[in-house]
Structure formats: structure tokens, C-alpha cells
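Residue-level listing of the chains:
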Amino acid sequence: MSALETIERNEEGFLVHPADWTKELAVEIAQEEGLDELSEAHWKVIEFARANAESSGASPTLRQITNGAGVPTKELFKLFPKGPAKKVAKISGLGKPEGCV
Amino acid sequence: MSEDRHIAFICSKGDLDMAYPALVMGWAALGNGIDVTIFFTFWGMDIINKKRQAHLELSPITKTSMKMSMMGLPTGNLGIPNILSIIPGMTAFTSWFMKKKIKDVGAPPVGEYLEMLIDGGAKLYACKMSVDMFGLSMDDFVDGVEAIVTAGDFMDMTDGAQIIFI
């Protein structure tokens, strides 16, 4: 049984309790989102998102990620194709990004 | 959300305040995995025009929602009198003011925002008839604009898309 099955998630698949998050869960959620493997570049984004959420209390927007983690927009969309805003938040165990940019 | 959702914006205005709706919504769409196409026509071509992009303006005239109270004056619902709008420098002032408001919420200037959309995979096109009317060519546009296309081409490429006219 996968670890993910025992975790409480909302109807869109976001973790209800960010504290439940572990790296293993991130890998499983990423697979659900079509990312077979999480590279070092993925982890850099995920770790930035987690740290940002911890300090600000909100899931970071894409622009906060590109500026803060130093990942160019093009690369961010390549790392998390088809919807990086939701994918990064979901895999990082956070809620939807709060903010429009 | 359907897997192949596609949203298309038609940008027909070159005012500073009319450049942002497609940028904000287009960026949100890309972030949510929705394909984005933007068609620039008539004055909206200023948004992709190298010489104009950084100089989009906002005139206070006919902007009935732009109240003096936005500038911190205790004037309640009093608008900027149209007669003041004709004073040289008023448009520059209101443009500066709006750019400051935009910056304050963390939104980038038009050029940088558009680059983000291009890098995120948005497809940008200029309107053939407008290009001919204004005597423009691809050389006048910023990098990332894919092509100059006809209205018919736009209809073909947005088959099944949701279309928003701005």
C-alpha cells in the first residue's frame, strides 16, 4: 500500500495538512501528476516552495518561485509541464498559490 | 478541468490598463495547464510593439472610476475633472500613478510580463489587417510573436477554445 493512501487530501488532490508531507509522498504525488522522476532541479523548486510557505504562510506564486529560487520561467514550465502553479503546490504538499503573478 | 482546455485572448486596446487583463489571466491559465493564444489587433498591437510596449499610457479622460481619492486625497467620489485631463502632463501623471499601483502588487511591467507568458508557452500573433493598416512588419514586434495572421487563421487556430475579447 502506498503512503499516499493513508493521507487526507481534498477533492483536487492537495494535502489537507501540509505537516503530513514527506519526500516519499512528494514522489508519489509527482507520479500522479505525470512526473516519473524528481531531479535535483525539481527538488530545488519544491524545497523553495516549502521554505517560502513556512516563512510567509502562503503557497508561493510562479513569479515568487522564479525570482526566489532562481529558476527561469522556461525551465520551470519544462520541469513541471502543463500547469506548474498547481503541480508545484500539490507536490510540495501546500495549498493553491495565493496571488495572481 | 478538461485536459485540453484552450483559452484565446483578443487584445484590441493599447491603454496601459487594457494591457494587463490578458497578461494576468493568460499567466494564470498557463500556471493551471491551459493552452494560451493571444491575438493582437488594432491598438492592442502596442503591447507587442518594440517601440511602444514600454510607453503604454492611461489617460484620466473618460475614466469615470478613477477617483482623486485613489491618490490619497479626501475627496470621496469626486472624479478627476475632465477639464484637468487636458492639461499637458496629466496623462503622464496618471500613467505613472497606475504603473506604481501595478508595481505595488508585485506585477511586472508589460514587457517583462509578456516575456513570462512567451516563456510559459503562450502563442502570440499579430492581426494582418491591422499590420497592413499601420504599415508594420514582424521587425516592429518583440521576439516571441509567432506570426502575422488573418482573422480566418485566428478562427482556425482557436477551434474549440474559449475566447475573451479585450
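Residues numbered from 1 in each chain as written. Chains lettered and ligands numbered in written order. Predicted model: local features only at pLDDT ≥ 70, side-chain atom pairs only at ≥ 80, totals over all residues. Heavy atoms only, no water.

Student: Would you explain the domain arrangement of chain B in this entry?
Tutor: Size of an interface, as often reported, equals the accessible area lost when the parts are brought together. Residue and element names in this part refer to chain B. Parsing chain B into structural domains produces domain 1 (6–59 + 109–165) and domain 2 (68–103). Here the C-alpha centroids of domain 1 and domain 2 sit 27 Å apart. Summed over both partners, the interface of domain 1 with domain 2 comes to about 630 Å²; 65% of that surface belongs to carbon and sulfur atoms. For the pair domain 1 and domain 2, the interface holds zero salt bridges. On the surface where domain 1 and domain 2 come into contact, there are three residue pairs in polar contact (both at pLDDT 80 or more). Here the residues of the side of domain 1 that touches domain 2 are counted per class, giving five nonpolar, one polar and one charged. (Domains from an automatic or database assignment. Buried area = accessible area lost by both parts, 1.4 Å probe. Salt bridge = Lys/Arg side-chain N within 4 Å of Asp/Glu carboxyl O. Polar contact = N/O pair within 3.5 Å; in protein donor to acceptor, adjacent residues only side chain to side chain. Nonpolar A, V, L, I, M, F, W, Y, C, P; charged D, E, K, R; others polar.)

Student: Honestly, the interface of chain B and chain A in this entry has me stumped. Any pointers?
Tutor: Across the contact, 16 residues belong to chain B and 12 residues belong to chain A. Between chain B and chain A lies a buried interface of about 1,200 Å² when both sides are counted; carbon and sulfur atoms form 57% of it. Counting the surface chain B buries against chain A, the share from its top three residues, W27, G31 and D119 of chain B, is 40%. On the surface where chain B and chain A come into contact, there are two salt bridges. (Contact = heavy atoms within 4.5 Å.)

Student: Explain a nonpolar patch on the surface to me, please; I cannot follow it from the model alone.
Tutor: A contiguous nonpolar surface patch, about 560 Å² in accessible area, is contributed by F42, W43, M129, M133 and F134 of chain B. With respect to the helices and strands, M129 of chain B occurs in helix 5 (residues 128–134). (Patch = residues over 30% accessible without salt bridge, like charges linked within 9 Å, V, L, I, M, F, W, Y side chains within 5 Å. Areas by Shrake-Rupley, 256 points an atom, 1.4 Å probe, with all protein chains shown as cover. Helix = DSSP H or I, 4+ residues; strand = E, 2+ residues; numbered from the N terminus.)

Student: What should I look at first to understand the side chain of T66 of chain A in this one?
Tutor: All names here are of chain A. Relative to the assigned elements, T66 resides in helix 3 (residues 62–69). With relative accessibility at 13%, the residue T66 sits in the buried group. Filtering out sequence-adjacent residues up to four positions away, T66 remains in contact with V71, P72, T73 and L76. (Buried < 20%, exposed > 50% of the residue type's maximum accessible area, 1.4 Å probe, protein only.)

Student: Would you explain unusual backbone geometry in this entry?
Tutor: With the exception of glycine, most residues fall at negative phi, and the peptide bonds are largely trans. Residue and element names in this part refer to chain B. Even without a glycine there, the phi angle at F42 is positive, about 50°. With a relative accessible area of 33%, F42 lands in the partly exposed category. A positive phi angle, near 70°, is found at T62, a position not held by glycine. With respect to the helices and strands, the residue T62 is situated in the loop between strand 2 (35–40) and helix 2 (82–85). Taking the relative accessible area as the measure of exposure, T62 reaches 63% and is therefore exposed.

Student: Looking at this model, I keep getting lost on the side chain of S85 of chain B. Mind explaining?
Tutor: Residues and elements named next belong to chain B. Note on placement: S85 falls in helix 2. Its relative accessible area of 9% is what places S85 among the buried residues. The residues touching S85, leaving out its near neighbours within four places in the chain, are P60, I61, I80 and M90.

Student: What exactly am I supposed to notice about the sheet that holds strand 2 of chain B here?
Tutor: By definition, the strands of a sheet pair up through backbone hydrogen bonds, in either a parallel or an antiparallel sense. All names here are of chain B. If you walk across this open sheet you meet the five strands as 4-3-2-1-5, and the pairing is parallel. Two strands bound the open sheet, and with one partner strand each, they are strand 4 (145–149) and strand 5 (162–165). Here the average twist between neighbouring strands, direction ignored, is 20°. Relative to strand 5, strand 1 (residues 6–11) is paired through four bridges, and the arrangement is parallel. Across the sheet, residue A8 finds its bridge partner in strand 5, namely I163. Contacting strand 1, strand 2 and strand 5, helix 1 (residues 16–31) crosses the sheet at an angle of about 165° to strand 1. (Pairing = 2+ DSSP bridges. Axes fitted to C-alpha atoms, helices over the stretch in contact; angles between N-to-C directions.)

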